[in-house]
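The residues making up each chain are set out below.
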Amino acid sequence: EPARTMAIVNQHAVTSWVGIARLFAVVLSCLAFSLVASTRDFWSSSGTWCMFTWCFCFAVTLLVLVLELLELYPKLPLSWDDFTSAFSMLAALMVFTTSVVFPSTFISSPCSGSKCARQAVATTASCLCFLAYALEVGLTRAKPGDISSFLSTVPGLLKVFEAYVACLIFSLLDTYSKPGLQWCVAVYSICFIITFLIIVFTVGRCLAYLPFPLEKVMVGYNALALMMYITATVLWPLYSFKGTNRPDGCGRNCWWDRHLGVTFLTIFNLIAYLVDLVYSTRMVFIRTP
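As the structure is a computational prediction, the values presented were derived from the model and not from experiment.

Asker: Looking at this structure, how should I read the overall build of the chain?
Answerer: A tally of regular secondary structure across the chain gives 9 helices and 0 strands. Starting at the N terminus and walking to the C terminus, you meet the elements of the chain as α-α-α-α-α-α-α-α-α. If one aligns the C-alpha atoms of the chain with their principal axes, the spans along those axes are about 85 × 60 × 30 Å. Classification of the 289 residues of the chain by burial places 42% in the buried group. Contacts in the chain between residues far apart in sequence, at least 24 positions, make up 79% of those at least 6 positions apart. A total accessible area of about 15,600 Å² is found for the chain, and carbon and sulfur atoms account for 70% of it. Once the 18 positive and 14 negative side-chain charges of the chain are each reduced to a mean point, those two points are 4 Å apart.

This is how it looks when you write it as structure tokens:
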């Protein structure tokens, strides 16, 4: 009798707490984009971003579940733990942003009618989806002293946060003709490129081929990025708002509001790089028994 090949099914992929969190994320993201699609009112830049976020997170999380359920992920040429940790952090940040942008853009007060009800339920599903991804981040975060998966450590998760905040900054940039503002844009760009390359090299298992001690170089880079962001935190509001007030009748896409948003996001990344420097220094120079 010919031998039969049985597909390996890893039930732990959907019965563990991480698997359950991913199942909830799949269901909730699907519910969110389905309800919004039924309203046929999302054809703006904000609406397109929200729909992309829910669809992207749904598709990738479903793919992760299938690959772990069938135990196919070891055949992929990447660090699976680093990939899933980075994606869950990115998904949490994207869904959180969407959960704020969508209701502020599309839900008006007073809210009435079937369309508004579907938008409200979609917003609730999006908020719960963010909690599901945040739970996954918490469950998969590396324990103190465990650096087998860099992107699951606090410095690794902060790298994803720093890159995402830089992307938000780029989305708000419009005019930066003054030299001080151009320096700030250079800071955002340089730090984003290096941070993004660190994430890509980590997921692609390329860090071992680098001809220098990466951990110590990472500490030096975090210190340099912190100093660069300190200058941007000072120069951006100085050159953007010196001698100017918010113009009267400034609409939703007012340049003043966009520059204010860049100011706050710059401060967020400054704090992130500071915490990153502290944690990476402890990981390199203070070994946990």
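Asker: Help me understand the packing of helix 3 (residues 45-69) against helix 4 (residues 80-106) in this model?
Answerer: A pair of packed helices is captured by two measures, namely the crossing angle of their axes and the spacing between those axes. Axis separation between helix 3 and helix 4 bottoms out at 9 Å; the angle between their running directions is 150°. When the axis of helix 3 is compared with that of helix 4, the two are roughly antiparallel. Relative to helix 4, the crossing made by helix 3 is left-handed. Considered class by class, the residues forming the contact of helix 3 with helix 4 number 18 nonpolar, 8 polar and 1 charged.

Asker: Help me out: how do you make sense of the UniProt feature "transmembrane region" (unreviewed entry) in the chain in this one?
Answerer: The UniProt feature table records "transmembrane region" (unreviewed entry) at residues 20-37, 49-67, 87-107, 119-135, 147-173, 185-212, 218-239 and 260-279. The straight-line gap between the two end C-alpha atoms of residues 87-107 is 29 Å; of that span, 95% is helix and 0% is strand. In residues 260-279, helix accounts for 100% and strand for 0%; the two terminal C-alpha atoms are 29 Å from one another.

Asker: Would you take a moment to explain helix 2 (residues 17-39) for this structure?
Answerer: With 23 residues, helix 2 extends 34 Å between its outermost C-alpha atoms, agreeing within 8% with the 33 Å of an ideal straight helix rising 1.5 Å per residue. Downstream of helix 2 by one or two residues, R40 has phi in the positive range, about 55°.

Asker: Got a minute to help me understand the domain arrangement of the chain in this structure?
Answerer: One frequently used descriptor of interface size is the decrease in accessible area upon assembly of the parts. Each assigned domain of the chain is listed here: domain 1 (1-150) and domain 2 (153-288). Centre-to-centre separation of domain 1 and domain 2, based on C-alpha positions: 25 Å. Taken residue by residue, the interface counts 23 residues in domain 1 and 20 residues in domain 2. Together domain 1 and domain 2 conceal approximately 1,800 Å² of surface at their shared face, both sides included; 73% is due to carbon and sulfur atoms.

Asker: Honestly, the packing of aromatic side chains in this entry has me stumped. Any pointers?
Answerer: What the rule picks out here adds up to 18 aromatic pairs. Taken together, a centroid distance of 5.5 Å and an interplanar angle of 15° make the contact between F52 and F56 stacked. Placement of the pair is F52 and F56 together in helix 3, with a separation of 4 residues, close to one helical turn. Exposure remark for F56: the relative accessible area of 27% places this residue in the partly exposed category. Considering the side-chain rings of W54 and F102, the 5.5 Å spacing of their centres and the 70° angle between planes classify their relative orientation as edge-to-face. Of this pair, W54 sits in helix 3 while F102 is found in helix 4, placing the two residues 48 residues apart along the sequence. Aromatic rings pair up to connect W49, F52, F56, F87 and Y133 into one cluster. One Lys or Arg, R282, reaches over the ring of Y279 and ends 5.9 Å from the middle of that ring.

Asker: Which parts of the structure should I look at to understand the layout of surface pockets?
Answerer: In this approach a probe as big as a water molecule rolls over the atoms, and the regions it shows empty are the leftover space. In this model, the largest pocket occupies a volume close to 1,600 Å³. For the largest pocket, the lining is made up of 39 residues, of which T97, V101, Y164, L168 and S171 are closest to its centre. At the level of elements, helix 3, helix 4, helix 6 (154-172), helix 7 (179-203) and helix 9 (255-285) are the ones that each hand at least two residues to the lining of the largest pocket. Broken down by element, the residue count for the lining of the largest pocket peaks at 12 residues, all from helix 4. Taken together, the residues that form the lining of the largest pocket break down as 28 nonpolar, 8 polar and 3 charged. Residue contributions to the lining of the largest pocket reach at least three from each of two domains, namely domain 1 (1-150) and domain 2 (153-288).

Criteria and cut-off values
- Residues numbered from 1 in each chain as written.
- Predicted model: local features only at pLDDT ≥ 70, side-chain atom pairs only at ≥ 80, totals over all residues.
- Heavy atoms only, no water.
- Helix = DSSP H or I, 4+ residues; strand = E, 2+ residues; numbered from the N terminus.
- Buried < 20%, exposed > 50% of the residue type's maximum accessible area, 1.4 Å probe, protein only.
- Contact = heavy atoms within 4.5 Å.
- Areas by Shrake-Rupley, 256 points an atom, 1.4 Å probe, with all protein chains shown as cover.
- Lys, Arg positive; Asp, Glu negative; His and termini not counted.
- Charge placed at Lys NZ, Arg CZ, Asp CG, Glu CD.
- Axes fitted to C-alpha atoms, helices over the stretch in contact; angles between N-to-C directions.
- Parallel < 35°, antiparallel > 145°, perpendicular 65-115°, else oblique.
- Left-handed = near helix turned anticlockwise from the far one by under 90°.
- Nonpolar A, V, L, I, M, F, W, Y, C, P; charged D, E, K, R; others polar.
- UniProt positions renumbered as here; feature names shortened; annotations may be inferred.
- Expected span 1.5 Å × (residues − 1).
- Domains from an automatic or database assignment.
- Buried area = accessible area lost by both parts, 1.4 Å probe.
- Phe/Tyr/Trp six-rings, centres within 6.5 Å; stacked < 30°, edge-to-face > 60°.
- Lys NZ or Arg CZ within 6 Å of the ring centre and 35° of its normal.
- 1 Å grid on protein atoms, 1.4 Å probe; cavity = no way out; pocket = protein on both sides within 12 Å on 5 of 7 lines; lining within 4 Å.
- Points joined across faces, edges and corners; volume = space filled by probe spheres on them.

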